Amino acid sequence: MSAAPADGPAPEGSPTSRTPVGVPGRSDIALALQLQPAGDARGAFGRVFGTNPISPAARGAFDRATGARRVAHVLDGLGPDWVVAHAVPLDGRSPDADHVAVGPPGVLVVTSEHHRVKNVFVAGHEVYVDREKTDLMARAESSADAAGRMLHAASRVDAPLTPVTVFVDPKRLVVREKPERTRVFADLFLRRRLRRLPVTLTGEDLRAVQGAAAADTTWASPSPPLTADQLRTFDALDRTATKARRLKSFWRWAGAVVVLSSVLLLVQGVALGIIG
């Protein structure tokens, strides 16, 4: 599990020459498949009208895994000046890092939070999801600190470290007060925003930290790898869930159109009756 350090900066927009390290959402993919019953239990009616195919027990892990994959897709496209590792096992005292990205802005330890159609409110170190207080910021910073210690031990470079929390598909993200340490973004335009961060790490230091990030020996022992069958099964489940959401959205809009048309016909009928 390695990637060769870059010899120098490449033009922005160049295709990436790096192979990303790790499988994004690895442990949550395994957990979602473990909790999701085999087969499609929705029946014909549920399949036609877009009932959620993910069982309630598996939805948390499924959403975390799909969120991590969405963010990984963005990070993997940052270009050849970056090395990106996914599902990074840390020291056991801190939550594993969803993503570690090393590039000209330094070390970004990225936590992906998938809160589809939920309201997210950030006030400094406090994060509320649909008015419920969470410990997201504390967990993200704990993971970042652990990753930073392990990278420093492997590279002997004091690289600038930035915790980053990315909210995937929020209904609304409001940052009333910026956190002191952590950068907060929605997944929309994430790649552009990361590329605009100031350059803080260059030359031999950058290459040393990138080499450490890509090396197995830097991190703790990972959980068992996913099999090709597990990845295919999860991909199929993800496609089914996406199709169900689109069908549900279609029927919602179709119902609204039918109601509006009925109201307009009723109003027209009343108007014609009055005129007649």
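Up top is the structure.
Treat the numbers as computed from the prediction; the structure is a model and nothing was measured.

Cut-off values and rules
Residues numbered from 1 in each chain as written. Predicted model: local features only at pLDDT ≥ 70, side-chain atom pairs only at ≥ 80, totals over all residues. Heavy atoms only, no water. 1 Å grid on protein atoms, 1.4 Å probe; cavity = no way out; pocket = protein on both sides within 12 Å on 5 of 7 lines; lining within 4 Å. Points joined across faces, edges and corners; volume = space filled by probe spheres on them. Helix = DSSP H or I, 4+ residues; strand = E, 2+ residues; numbered from the N terminus. Nonpolar A, V, L, I, M, F, W, Y, C, P; charged D, E, K, R; others polar. Buried < 20%, exposed > 50% of the residue type's maximum accessible area, 1.4 Å probe, protein only. Arc of directions from axis to C-beta. Core = buried A, V, L, I, M, F, W, Y, C linked by side-chain atoms within 4.5 Å. Contact = heavy atoms within 4.5 Å. Pairing = 2+ DSSP bridges. Axes fitted to C-alpha atoms, helices over the stretch in contact; angles between N-to-C directions.

A.B. asks: What exactly am I supposed to notice about the layout of surface pockets here?
C.D. replies: Over the atoms, a rolled probe matching the size of one water molecule traces out where space is still vacant. Empty space within the largest pocket amounts to approximately 540 Å³. Around the largest pocket, the lining is made up of 23 residues, and of these Asn52, Asp63, Arg116, Val117 and Arg245 lie nearest the centre. Those elements that provide at least two residues to the lining of the largest pocket are helix H3 (59-76), strand E3 (106-114) and helix H7 (228-275). Element by element, the count of residues in the lining of the largest pocket is highest for H7, at 6 residues. Considering only enclosed or pocket space, the second largest pocket measures out at about 390 Å³ in volume. Lining the second largest pocket are 21 residues, with Asp28, Arg64, Asp96, Ala97 and Asp98 positioned closest to its centre. Looking at the lining of the second largest pocket, the elements that each hand over two or more residues are helix H1 (26-35), H3, strand E1 (83-88), strand E2 (97-103), E3 and helix H4 (136-155). It is H4 that provides the largest number of residues to the lining of the second largest pocket, a total of 4 residues. Looking at side-chain class alone, the lining of the second largest pocket contains 7 nonpolar, 7 polar and 7 charged residues.

A.B. asks: Sorry if this is basic, but what is going on with H1 here?
C.D. replies: Helical periodicity: at 3.6 residues per turn, an α-helix aligns residues three or four positions apart in one direction. Listing the buried residues of H1 in full gives Arg26, Asp28, Ile29, Ala32 and Leu33. One face of H1 carries all of its buried residues, which in axial projection span an arc of 165°.

A.B. asks: Teacher, can you tell me more about the nonpolar core here?
C.D. replies: The nonpolar side chains of a soluble globular protein tend to be buried, and buried together. Counting 23 residues, the largest nonpolar core has Leu90, Val100, Val102, Leu151 and Trp219 as its most contacted members. Contributions of two or more residues to this core are made by E1, E2, E3, H4 and helix H6 (203-213). Top element by residues in this core is H4. It accounts for 5 residues. Discounting residues that sit within four places of it in the chain, Leu90 has contacts with Pro95, Asp96, Ala97, Ser143, Ala146, Ala147, Met150, Trp219 and Ala220. In terms of nonpolar packing, the next biggest core, distinct from the first, is built from 16 residues, Val84, Ala101, Val168 and Leu190 among them.

A.B. asks: Teacher, can you tell me more about the sheet that holds E3 here?
C.D. replies: Sheet strands pair via backbone hydrogen bonds, and the direction of the pair is either parallel or antiparallel. Here 5 strands make up an open sheet; going across it, the order is E1-E2-E3-E7-E9 and the pairing mixed. For this open sheet the edge positions go to E1 and strand E9 (183-186), each flanked by a neighbour on one side alone. Strand-to-strand twist in this sheet, taken as the mean axis angle between neighbours without regard to direction, amounts to 25°. Across the face of the sheet, H6 comes into contact with E1, E2 and E3 while running at roughly 155° to E2.

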